[in-house]
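Results of the structural survey
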Amino acid sequence: GLASQHYACKRPWKPADPLPVSDVQLLNRAMLDDRRSTVDRVLIGHLLHMVYARARFSDLLASVNCMLDDECVFLELEAAVHKGSRTAVTKAMLLPVVAPANWISEGCWAKDYLALREKGGLALPGAEPEPMLPAPERGGTGWQKRFLTSQEMNAFMKKLFEDGGVPLVGRRISTHSC
């Protein structure tokens, strides 16, 4: 009975708004904008990775074996921890996360993203699970051991879109938008 009472008082579900093509194009332009800091461009590249892979923010928190295939067609990794891992059997399985490496405009976004990661001193996850996007050090001088939280990324996204002239009034923007 108590569960039914709590369920009756539950607020309606209001998911984040999906990003329209114009917002994804803004992310594409922002990642290539060499007037921005390398750290900001890596964060933007991570957002693009989420968009193109249709990945949740949490899917990229424990990544292994990240690579761009030889033909530059797919950016691939495996998620060691994911929403579908509930039983002991599924917790031992790696979830493949695959993103097309080409974007809605010309070029290979994944190649540009990986070059930015290398320029920023950020290695790709290998055999041991690690966050695809660790938190940057203050001042952009390196990367911390901890992962960037979704709340931190949400704040970054909102500032990025506001600075890019995208009105956010009446919109719910978060990493779930990707």
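In this report, the structure presented in the accompanying data block is examined. (Residues numbered from 1 in each chain as written. Predicted model: local features only at pLDDT ≥ 70, side-chain atom pairs only at ≥ 80, totals over all residues. Heavy atoms only, no water.)

Quick look at the pattern of salt bridges now. All chains considered together, the criterion is met by six salt bridges. For Glu-152, the salt bridge identified is with Arg-146, shortest N-O distance 2.8 Å. As a salt-bridge pair, Lys-159 and Asp-163 come within 2.9 Å of each other at their nearest N and O atoms. Linking Lys-159 with Asp-163, this pair stays in helix α6 (residues 150-163), spanning four residues, or about one helical turn. (Salt bridge = Lys/Arg side-chain N within 4 Å of Asp/Glu carboxyl O. Helix = DSSP H or I, 4+ residues; strand = E, 2+ residues; numbered from the N terminus.)

With 14 residues, α6 ought to run about 20 Å at 1.5 Å a step, and its terminal C-alpha atoms sit 20 Å apart, in line with that. Buried residues of α6: Met-153, Asn-154, Phe-156, Met-157, Leu-160 and Phe-161, and no others. Along the axis of α6, the buried positions cluster into a sector of 165 degrees, meaning they face one direction only. Opposite the buried face of α6, by more than 90 degrees, sit the exposed residues Gln-151, Glu-162 and Asp-163. Looking at the packing, one finds that the buried side of α6 touches α2 (21-32) and α3 (38-53). After α6 finishes, the residue Gly-165 shows a positive phi value of roughly 80 degrees. (Expected span 1.5 Å × (residues − 1). Buried < 20%, exposed > 50% of the residue type's maximum accessible area, 1.4 Å probe, protein only. Arc of directions from axis to C-beta. Contact = heavy atoms within 4.5 Å.)

Tracing the sequence through the fold places Ser-174 in the segment after α6. Judged by relative accessible area, Ser-174 falls into the buried class, the value being 12%. Sequence-distant contacts of Ser-174, defined by excluding residues within four places in its chain, comprise Ala-16, Asn-154 and Met-157.

This part covers α2. With twelve residues, α2 extends 17 Å between its outermost C-alpha atoms, agreeing within 8% with the 16 Å of an ideal straight helix rising 1.5 Å per residue. Within α2 the residues assigned to the buried category are Asp-23, Val-24, Leu-26, Leu-27, Asn-28, Ala-30 and Met-31. Turning to α2, the residues buried within the fold contact α3, α5 (109-119) and α6.

Once that is clear, we can look at a nonpolar patch on the surface. Judged by side-chain polarity, Val-73, Phe-74 and Val-98 come together as a nonpolar surface patch covering roughly 210 Å² of accessible area. Turning to its location among the elements, Val-98 is positioned in strand β3 (residues 95-100). Of the residues examined, Val-98 reaches a relative accessible area of 41% and is grouped as partly exposed. (Patch = residues over 30% accessible without salt bridge, like charges linked within 9 Å, V, L, I, M, F, W, Y side chains within 5 Å. Areas by Shrake-Rupley, 256 points an atom, 1.4 Å probe, with all protein chains shown as cover.)

Take the sheet that holds strand β2 (residues 74-79) next. Backbone-to-backbone hydrogen bonds join strands into a sheet, with any given pair of strands oriented parallel or antiparallel. In spatial order, the strands read β1-β2-β3; together these three strands make up an open sheet with antiparallel pairing. Bordering the open sheet on either side are β1 (63-68) and β3, each of which pairs with just one other strand. Each strand axis lies, on average, 15 degrees off the axis of its neighbour in the sheet, ignoring direction. Pairing of β2 with β3, which is carried by six bridges, proceeds in the antiparallel orientation. Opposite Glu-76, over in β3, you have Val-98 as the bridge partner. On top of the sheet, α3 reaches β2 and β3; it is set at about 100 degrees to β3, its chief contact. Where α5 meets the sheet, it contacts β1, β2 and β3, and its direction lies at approximately 60 degrees from that of β2. (Pairing = 2+ DSSP bridges. Axes fitted to C-alpha atoms, helices over the stretch in contact; angles between N-to-C directions.)

For the rest of this paragraph, the subject is the packing of aromatic side chains. For the structure shown, the criterion picks out two aromatic pairs. Taken together through their ring pairs, the aromatic side chains of Tyr-52, Trp-109 and Tyr-113 make up a single cluster. (Phe/Tyr/Trp six-rings, centres within 6.5 Å; stacked < 30°, edge-to-face > 60°.)

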